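Analysis of the macromolecular model
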Amino acid sequence: MLKILIPTLMLIPTTWLTPKSWVWTTTTAQSLAIALLSLTWLKWTSETGWSTSGPYMATDPLSTPLLVLTCWLLPLMILASQNHISPEPINRQRSYITLLILLQTFLIMAFGATEIIMFYIMFEATLIPTLIIITRWGNQTERLNAGTYFLFYTLAGSLPLLVALLMTQKDMGTLSMLIIQHTKPTNLLSWGDKIWWVGCLLAFLVKMPLYGVHLWLPKAHVEAPIAGSMVLAAVLLKLGGYGMMRITIMLDPLTKELAYPFIILALWGIIMTGSICLRQTDLKSLIAYSSVSHMGLVAGGILIQTPWGFTGAIILMIAHGLVSSALFCLANTNYERTHSRTLLLTRGLQMILPLMATWWFIANLANLALPPLPNLMGELAIITSLFSWSPWTIVSTGLGTLITAGYSLYMFLMTQRGPTPLHTISLHPSHTREHLLMAMHLIPVLLLVLKPELMWGVCH
Amino acid sequence: WILAWMGLEINTMAIIPLMAQQHHPRATEATTKYFLTQATAAAMILFASTMNAWTMGDWNINQISHPLATTTVTLALALKIGLAPMHFWLPEVLQGLSLTTGLVLSTWQKLAPFALILQISQNTNPALLTTLGVMSALVGGWGGLNQTQLRKLLAYSSIAHLGWMIIILQFMPALTLLNLTIYITMTSTMFLSLKIMASTKINSLALAWPKTPTLTTLIMLSLLSLGGLPPLTGFMPKWLILQELTKQDLPITATIMAMSALLSLFFYLR
């Protein structure tokens with residue numbers, strides 16, 4: 001774990017000490033090296049499932065795919081930000097990169113934590129760099145409002161989590177994940193215990209986000225700069241899912257009854273946010289709502305607590321992370337050229353930017369869960385486990401899949417096909433950097449088709 | 001107790017001329033209000049200690065055991081430092097002072113009463129302390145929401161932090177001291193940075209970015225730390241206090257305190 005953390009921290013002196021023209025090159029190269037190094041975590045040799053352990057950090061099949069995803073995204077974030085940051089003075093560029101690196105460090109420590117309190121502190125700590133990135137480098141005036149919504153929604157959910165974790169520490173004597181998975185199930189019957197259960201889960205449900213408390217997400221995504229959107233969609237939402245998976249180990253047997261309202265909210269949310277997507281005019285907002293929809297499916301999969309549900313959740317989290325981030329990068333290429341996110345203004349791009357159209361095509365197909373891509377694997381696992389939990393869920397999940405296909409195709413057709421408006425004929429051609437970015441997003445998705453065991457996690 | 005009272009009176013006397021240095025009518029008004037409240041509190045302390053000596057026959061500070069006497073002295077000390085519901089003087093007094101004097105009022109002046117509070121901590125009424133603490137945290141949070149003047153903002157933040165300090169007094173006084181120390185450090189940082197930028201309203205803070213970017217970053221970080229966000233140091237006292245409260249089986253109190261921290265965070269964030 002230290003092999004990855006120390007190079008990541010050393011990226012900060014790198015950004016501040018390299019001469020001006022080499023900053024972006026060196027940071028991208030070093031973060032890429034760290035990402036490749038993190039791929040070595042994927043080899044699991046230990047029997048108990050926890051490997052590469054230090055005193056407070058370890059990796060296991062649940063956290064490793066998410067860790068690799070996080071490390072993989074840092075070079076991509078830096079690549080994506082190059083264009084819109086370049087007009088700023090060099091020190092501001094350096095502080096931007098430093099914020100991204102700090103966020104990365106906190107995320108690595110969060111995913112690698114073994115003590116739940118450390119996970120909590122890192123979970124909260126990731127909020128600060130994200131908040132600064134959104135409010136300082138966002139694009140519009142509403143970003144202050146977006147930042148406030150973001151911070152307060154997440155904090156209001158996580159402060160009860162702190163109290164709940166402290167109560168757990170009092171009762172069980174430890175909060176180490178290694179030990180908690182072996183404790184016997186607790187006898188939880190009173191109202192106070194039910195409130196404790198809600199307290200444990202609420203923070204992660206807000207972060208996921210669950211449909212009822214998802215309002216911060218479209219605001220934050222629309223206002224954030226590209227790197228902020230990428231890291232939000234890809235990784236920060238997965239923090240919520242990861243936390244839920246860890247916490248539900250100690251929450252049985254209450255979860256059987258208490259999870260009902262949340263599962264229903266999640267399923268209903270899939271349909272509702274999908275329908276909102278069909279009527280959106282703002283491209284980034286569309287992708288944001290599609291994120292809420294997919295994460296609703298993940299939440300449903302985790303809350304029913306079956307092995308296939310967990311597996312499907314992890315696969316969908318990884319695949320959605322890569323694909324959502326890719327879609328945000330594509331939306332950003334449009335935004336950088338036309339400085340507008342309205343769908344109507346950026347139509348008919350296939351005529352002008354044909355190679356980009358290929359990437360749009362693949363990303364949208366992945367979003368709507370085309371076989372054999374891992375998105376489908378995850379969705380299918382979750383849908384089948386939900387079906388075995390209750391046959392009625394097929395109504396909402398099936399309808400949700402249809403609507404997802406609907407809006408993904410809508411997004412593709414609106415941006416690529418159709419008459420080209422006259423004002424877009426003089427757009428810049430696609431940079432190689434953008435093609436590289438898209439390739440690095442989508443090639444792992446395609447490669448994961450060949451070896452999905454890397455992602456399956458604890459249950460196989 | 002007599003010596004303690006004398007010390008407190010001398011303290012008040014000494015700071016009165018410092019506060020009235022600016023010959024602005026608001027400064028004079030603030031000085032008068034401060035003098036009145038502190039004198040009342042000191043008189044109450046004297047009264048409580050005399051009552052205790054009469055009924056129990058003891059002048060020792062940490063042997064104060066008559067319940068009426070302990071309650072009175074706790075309320076008097078709360079008035080001295082500005083805990084709710086005796087906090088009404090603090091925003092106006094702080095507003096009338098210059099930034100340096102305000103710094104002294106918020107940090108140094110709290111040390112003496114806290115020394116007394118820590119010494120009487122064993123005999124105090126738990127319900128009273130909990131009420132004072134929770135009310136202070138809530139009042140500090142809600143009161144600061146509509147403020148644009150920085151000094152009043154810092155006054156309400158002081159009230160909220162004092163609430164946190166008082167609530168843990170009955171369980172682990174060491175944590176009160178820790179919270180006090182960290183609070184003094186953070187507030188001194190805030191006051192001194194504001195003095196360097198010579199800004200007293202939120203509007204003038206917004207223009208600070210071009211002047212001194214490093215200092216603005218520091219201010220932002222210290223504001224977030226005052227708000228108690230991990231991983232900054234300001235989180236540590238809050239975390240430990242919540243831990244103690246839950247260990248003593250008071251999760252509801254802990255949750256209320258935590259939520260009121262959110263209120264304060266909102267006005268720090270602006």
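Residues numbered from 1 in each chain as written. Chains lettered and ligands numbered in written order. Predicted model: local features only at pLDDT ≥ 70, side-chain atom pairs only at ≥ 80, totals over all residues. Heavy atoms only, no water.

Per an unreviewed UniProt entry, chain B is named NADH-ubiquinone oxidoreductase chain 2, and its organism is Scleropages formosus. Check the Catalytic activity (unreviewed entry) section of the UniProt entry for chain B; it says "a ubiquinone + NADH + 5 H(+)(in) = a ubiquinol + NAD(+) + 4 H(+)(out)". Taken from UniProt, the Subcellular location (unreviewed entry) comment for chain B reads in full: "Mitochondrion inner membrane". (UniProt positions renumbered as here; feature names shortened; annotations may be inferred.)

Taking an unreviewed UniProt entry as the reference, chain A is identified by name as NADH-ubiquinone oxidoreductase chain 4 belonging to Scleropages formosus. The UniProt entry for chain A carries the following text under Catalytic activity (unreviewed entry): "a ubiquinone + NADH + 5 H(+)(in) = a ubiquinol + NAD(+) + 4 H(+)(out)". The heading Subcellular location (unreviewed entry) in the UniProt record of chain A holds the text "Mitochondrion membrane".

1. Describing unusual backbone geometry
Residue and element names in this part refer to chain A. Here Met-208 and Pro-209 are connected by a cis peptide whose omega angle stands at -10°. Residue position: Pro-209 is located in the loop between helix 9 (191-207) and helix 10 (216-223). Between Pro-371 and the following residue, Pro-372, the backbone shows a cis peptide bond with an omega angle of -5°. Mapped onto the elements, Pro-372 comes out in the loop between helix 17 (354-367) and helix 18 (374-389). (Helix = DSSP H or I, 4+ residues; strand = E, 2+ residues; numbered from the N terminus.)

2. A short note on the side chain of Thr-31 of chain B
Residue and element names in this part refer to chain B. The topology assignment puts Thr-31 in helix 2 (residues 25-56). Accessibility expressed as a relative area gives 6% for Thr-31, which makes it buried. If sequence neighbours within four positions are ignored, Thr-31 has contacts with Ile-16, Met-19 and Ala-20. (Buried < 20%, exposed > 50% of the residue type's maximum accessible area, 1.4 Å probe, protein only. Contact = heavy atoms within 4.5 Å.)

3. Quick notes on empty space enclosed by the protein
Residue and element names in this part refer to chain B. Counted under the stated rule, the structure contains eight cavities of 30 Å³ or more. Taken as a whole, the second largest cavity spans an internal volume of roughly 70 Å³. Surrounding the second largest cavity, Ala-137, Ala-160, His-161, Trp-164, Leu-226, Gly-227, Lys-238, Ser-260, Ala-261, Ser-264, Leu-265 and Tyr-268 form its lining. When residues of the lining of the second largest cavity are traced back to their parent elements, those giving at least two are helix 7 (150-167), helix 11 (213-227) and helix 13 (251-269). For the lining of the second largest cavity, the element with the highest residue contribution is helix 13, accounting for five residues. Looking at the lining of the second largest cavity, its residues break down into seven nonpolar, four polar and one charged. (1 Å grid on protein atoms, 1.4 Å probe; cavity = no way out; pocket = protein on both sides within 12 Å on 5 of 7 lines; lining within 4 Å. Points joined across faces, edges and corners; volume = space filled by probe spheres on them. Nonpolar A, V, L, I, M, F, W, Y, C, P; charged D, E, K, R; others polar.)

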